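# Summary of the model geometry
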Amino acid sequence: MRALVQTAFGGPEAVSVQRVADPEPGPHDVVVQVGACALNRLDLLQRRGPGVLPGFSLPHIAGMDIAGRVAATGSAVTGLTAGDRVVVDPTVGCGSCPHCLAGERGHCARLRVIGGNMPGGYAEFVAVPADLAHPVPDHVDLDEAAALPTPWSTAWNATYAVGKVTAGDCVVIQGAAGSVSIAAVQLAKRAGARVVAVAGSDEKLAVAAGLGADLLLRNDAPIADAVRDYTGGRGADVVLDHVGAATWRHSLSCLRIGGRLVTFGNTSGDQVSLSLAEIYHRGLRLLGAGAYAPADFTAMLDAYFAGGMRTLRAAECGLEDLHESFGLERSRDLVGRVLVRP
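Okay, so let's go over this structure. Everything numeric in this text was worked out from a predicted model, so none of it was measured. (Residues numbered from 1 in each chain as written. Predicted model: local features only at pLDDT ≥ 70, side-chain atom pairs only at ≥ 80, totals over all residues. Heavy atoms only, no water.)

### A look at the overall build of the protein chain
A count of helices and strands for the protein chain gives eleven helices and 17 strands. Its C-alpha atoms give the protein chain a radius of gyration of 20 Å, within 12% of the compact-globule value 20 Å for 342 residues. With respect to the three principal axes, the spread of C-alpha positions in the protein chain is 60 × 40 × 35 Å. Sorting the 342 residues of the protein chain into buried and exposed places 52% on the buried side. Look at the contacts in the protein chain between residues 6 or more apart in sequence, and 68% of them connect residues 24 or more apart. Summed over its atoms, the accessible surface of the protein chain is roughly 14,100 Å², and 52% of this surface lies on carbon and sulfur atoms. (Helix = DSSP H or I, 4+ residues; strand = E, 2+ residues; numbered from the N terminus. Rg over C-alpha atoms; globule rule 2.2 N^0.38 Å. Buried < 20%, exposed > 50% of the residue type's maximum accessible area, 1.4 Å probe, protein only. Contact = heavy atoms within 4.5 Å. Areas by Shrake-Rupley, 256 points an atom, 1.4 Å probe, with all protein chains shown as cover.)

Here it is as structure tokens:
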């Protein structure tokens with residue numbers, strides 16, 4: 001089969017399209033013929049080097065968010081047959097540690113990630129554990145399904161499992177036109193919340209408005225003042241922040257007494273400062289949403305497949321064109337997913 005193989009660290013020269021052996025399914029695996037695979041920032045970071053995930057090694061085939069058709073099944077697989085349309089949860093736990101047994105596979109010490117530290121979807125075929133291949137209904141195309149796994153599961157975990165967003169909440173979403181935030185805006189609205197979208201340009205805010213956001217704020221505006229005006233002086237119930245250091249102070253300042261700050265990313269920097277007195281006097285709750293659970297993935301798919309929400313796609317490319325798409329992923333102007341068609 002054809003695959004985009006990384007053999008070194010660096011720029012475009014680190015990867016090339018090669019012919020490699022077709023994957024064979026183990027007893028509990030399926031081989032998926034990849035219809036589409038969405039680009040992730042992790043792909044770019046690990047191409048530059050060093051490897052981010054423990055267990056990463058070269059040569060490597062990246063590509064985490066995969067949708068396609070089952071091409072072959074292992075001898076012990078039931079419930080899936082050749083031709084079935086599926087979308088893949090990329091997280092693979094050991095299955096026997098306390099975290100896996102508790103349904104917290106994302107915290108497994110031996111976590112493997114399809115496309116992260118094991119072969120992924122920038123190839124014509126990929127072998128995955130059968131229990132991670134979820135059926136895609138006929139009314140959802142495979143391109144749409146490939147845009148879901150990582151950002152939508154992350155947003156589901158942050159919005160519902162950790163943030164506990166409910167009807168009537170005022171929810172501030174930082175970086176509101178990023179892939180995770182595109183999901184979070186819609187999930188918060190689904191819960192009946194009022195959404196305050198914060199982004200760096202009017203164009204990005206227009207995207208958030210189209211997804212249902214109620215109040216639009218540029219990130220160079222006095223955000224805390226605007227949120228307090230919007231809430232009658234109370235402040236936000238929840239802030240969802242995957243941006244990190246650049247938005248940290250704004251996120252804390254716009255919370256109400258007892259408000260919840262859910263942090264689940266650090267793209268603008270990792271180190272922040274805070275006042276302990278501010279945290280305990282205002283009764284603020286700082287919550288990390290670091291890894292979604294299998295139940296989050298399944299619940300997210302069920303909700304999305306039920307209708308009423310949508311993905312956004314920025315571009316499409318083949319394996320040979322992926323170098324250009326890596327450049328798109330670096331752009332702060334990117335809105336939506338980049339899809340790779342092997």
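### Things to note about the side chain of Glu278
Locating Glu278 in the fold gives a position in helix α9 (residues 276-282). For Glu278, the contacting residues outside a window of four places in its chain are Arg249, Leu252 and Leu284.

### Quick look at the sheet that holds strand β15 (residues 285-288)
Pairing is parallel in the open sheet, where six strands are placed in the order β12-β11-β10-β13-β14-β15. The open sheet has two edge strands, β12 (215-218) and β15, and neither has a second partner. Taking the axes of each pair of neighbouring strands and ignoring which way they run, one obtains an average angle of 20° across the sheet. Two strands pair when backbone bridges link them, and strand β13 (residues 236-241) and strand β14 (residues 255-263) are joined in this way by five bridges, in the parallel orientation. The residue bridging Asp241 from the neighbouring strand is Thr263, located in β14. (Pairing = 2+ DSSP bridges. Axes fitted to C-alpha atoms, helices over the stretch in contact; angles between N-to-C directions.)

### Here's the deal with the side chain of Asp143
Locating Asp143 in the fold gives a position in helix α3 (residues 142-146). Leave out the neighbours within four places in its chain, and Asp143 touches Ala36, Arg313, Glu316, Leu339 and Arg341.

### Regarding helix α7 (residues 223-230)
An α-helical turn contains 3.6 residues, so a residue and the one three or four places further along point in the same direction. When α7 is considered as a whole, its buried residues turn out to be Ile223, Ala224 and Val227. One side of α7 holds all its buried residues, which, seen down the axis, span an arc of 95°. Exposed residues on α7 whose side chains face more than 90 degrees from its buried face are Asp225 and Asp229. Check the buried side of α7 and you find it contacts β10 (170-173), β11 (194-199), β12, β13 and α8 (248-253). Looking one or two places after α7, you find Gly232, whose phi comes out positive at around 65°. (Arc of directions from axis to C-beta.)

### Quick look at the packing of aromatic side chains
Under the defined criterion, the tally for this structure stands at five aromatic pairs. Between Tyr304 and Phe305, the aromatic rings sit 6.5 Å apart at their centres with planes inclined by 75°, giving edge-to-face as the arrangement. Feature note: the residues Trp152, Tyr304 and Phe305 constitute an aromatic cluster, connected by ring pairs. (Phe/Tyr/Trp six-rings, centres within 6.5 Å; stacked < 30°, edge-to-face > 60°.)

### Regarding the pairing of strand β4 (residues 65-73)
Across eight bridges, strand β3 (residues 29-38) lies against β4 in antiparallel orientation. By the bridge assignment for β4, Ala36 is matched with Ala67. With three bridges connecting them, β4 and strand β5 (residues 85-88) associate as antiparallel partners. Note that in β5 the partner of Ala67 across the bridge is Val87.

### Topic: the nonpolar core
If you look at the biggest cluster of nonpolar residues, it comprises 48 residues, and the most contacted ones within it are Trp152, Ile173, Leu240 and Val262. Of all the elements in the fold, those that place two or more residues in this core are β3, α3, α4 (149-162), β10, α5 (179-190), β11, β13 and α10 (294-305). For this core, the element with the most residues is α5, which contributes seven residues. One finds Val70, Val92, Met118 and Val126 within the second-largest nonpolar core, a separate group that totals 34 residues. (Core = buried A, V, L, I, M, F, W, Y, C linked by side-chain atoms within 4.5 Å.)

### A word on the pairing of β3
When you tally the buried positions in β3, you get seven out of ten residues, the bulk of the element. Pairing between β3 and strand β8 (residues 125-129): five bridges, direction antiparallel. Within the sheet, the bridge partner assigned to Asp29 lies in β8 and is Pro129. Two elements, β3 and strand β17 (residues 337-340), share two bridges in a ladder whose sense is antiparallel. Its bridge partner being in β17, Cys37 is matched across the sheet by Val340.

### Considerations on unusual backbone geometry
Residue Pro50 follows Gly49 across a cis peptide bond; omega there is -5°. Position of Pro50 among the secondary structure elements: in the loop between α1 (41-48) and β4. Here the amide bond leading from Leu58 into Pro59 is cis, since omega sits at -5°, within 30 degrees of zero. Tracing the chain through its elements places Pro59 in the loop between α1 and β4.

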